[in-house]
Structures are given as C-alpha cells and as structure tokens.
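Each chain, written out:
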Amino acid sequence: MSDQTLASMKLIPAADLGGPGAPEATQCSRAAIALLGEAAGDGFRMTSLSLDVASHAIGEGMVEIAVSVDKRARSIVFASLEARMGAALVFSAQGLFSLMR
C-alpha cells in the first residue's frame, strides 16, 4: 500500500525560524518535526529526521512551507517538506515515521 499526497501549504513568520538573519537550525528542526508529524498522523512516531538549513540570511515576512507524504504503508510513513521565502530555499527536511506499538 503506497500513496503520495498533494503538498499542503503552510505559512509561518520568518522570525519563527531565526529571521531576519540566517535561519537557526533548532528553530527550523522544531518546525519540521511539528509539520512532518502532523502530516504522518496520529499513531506514528518519528524515527529519523534529515534537515538541510540554508546559510544565507532571510528577511522579514512569511515563509511558505510545502509538506507532502511521499510514501505511506501500514507501519511506516515517509514525509518531506520544503520551506521557501520567495524563490530562496530556507530549509528542507525529510522524516521517517513508524507505527507506535
């Protein structure tokens, strides 16, 4: 059983990710864990997180985050996200979730 869902879009203030200035990894990871966990759904726990954070400064305003479920099976979920401010990448993340037992 596998399916790929359309990306859901979220907007969060750049200040929540460390802006203005370079994005902060801890704030980006906090957002990634929350948004990927929401996409995976109840009953799943994160077992792996991969996070890439841009080194360039971001300004003030809103960051658009696209979250998608790449694969869903009975006991695992792969989800990913990409956060952008305009055309510039702020951070990306991929998570693996497994069924809580």
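So, here is what we can say about the structure in this document. If you're wondering where the values come from, they're calculated on a predicted model, not measured in any experiment. (Residues numbered from 1 in each chain as written. Predicted model: local features only at pLDDT ≥ 70, side-chain atom pairs only at ≥ 80, totals over all residues. Heavy atoms only, no water.)

### Let's talk about the sheet that holds strand 3 (residues 62-72)
Read across the open sheet, the five strands follow the order 1-3-4-5-2; overall the sheet is antiparallel. Lying at the two open borders of the sheet, with one neighbouring strand each, are strand 1 (8-13) and strand 2 (44-53). Across this sheet, the average inter-strand angle for adjacent strands is 20°, counted without regard to direction. Sheet analysis places strand 3 next to strand 4 (residues 76-85), joined by eight bridges and oriented antiparallel. When the sheet's bridge partners are listed, alanine 66 is paired in strand 4 with glutamate 82. (Pairing = 2+ DSSP bridges. Helix = DSSP H or I, 4+ residues; strand = E, 2+ residues; numbered from the N terminus. Axes fitted to C-alpha atoms, helices over the stretch in contact; angles between N-to-C directions.)

### Side note on the nonpolar core
One finds Leu17, Leu36, Val63, Ile65, Leu81, Val90 and Phe91 to be the most contacted residues of the largest nonpolar core, which totals 24 residues. Secondary structure elements with two or more residues in this core: helix 1 (25-40), strand 3, strand 4 and strand 5 (88-99). Counting residues per element, this core draws most heavily on helix 1, which supplies six residues. With residues near it in sequence (within four places) discarded, phenylalanine 91 still touches Leu17, Cys28, Ala31, Ala32, Leu51, Asp52, Val53, Ile65, Leu81, Glu82 and Ala83. (Core = buried A, V, L, I, M, F, W, Y, C linked by side-chain atoms within 4.5 Å. Buried < 20%, exposed > 50% of the residue type's maximum accessible area, 1.4 Å probe, protein only. Contact = heavy atoms within 4.5 Å.)

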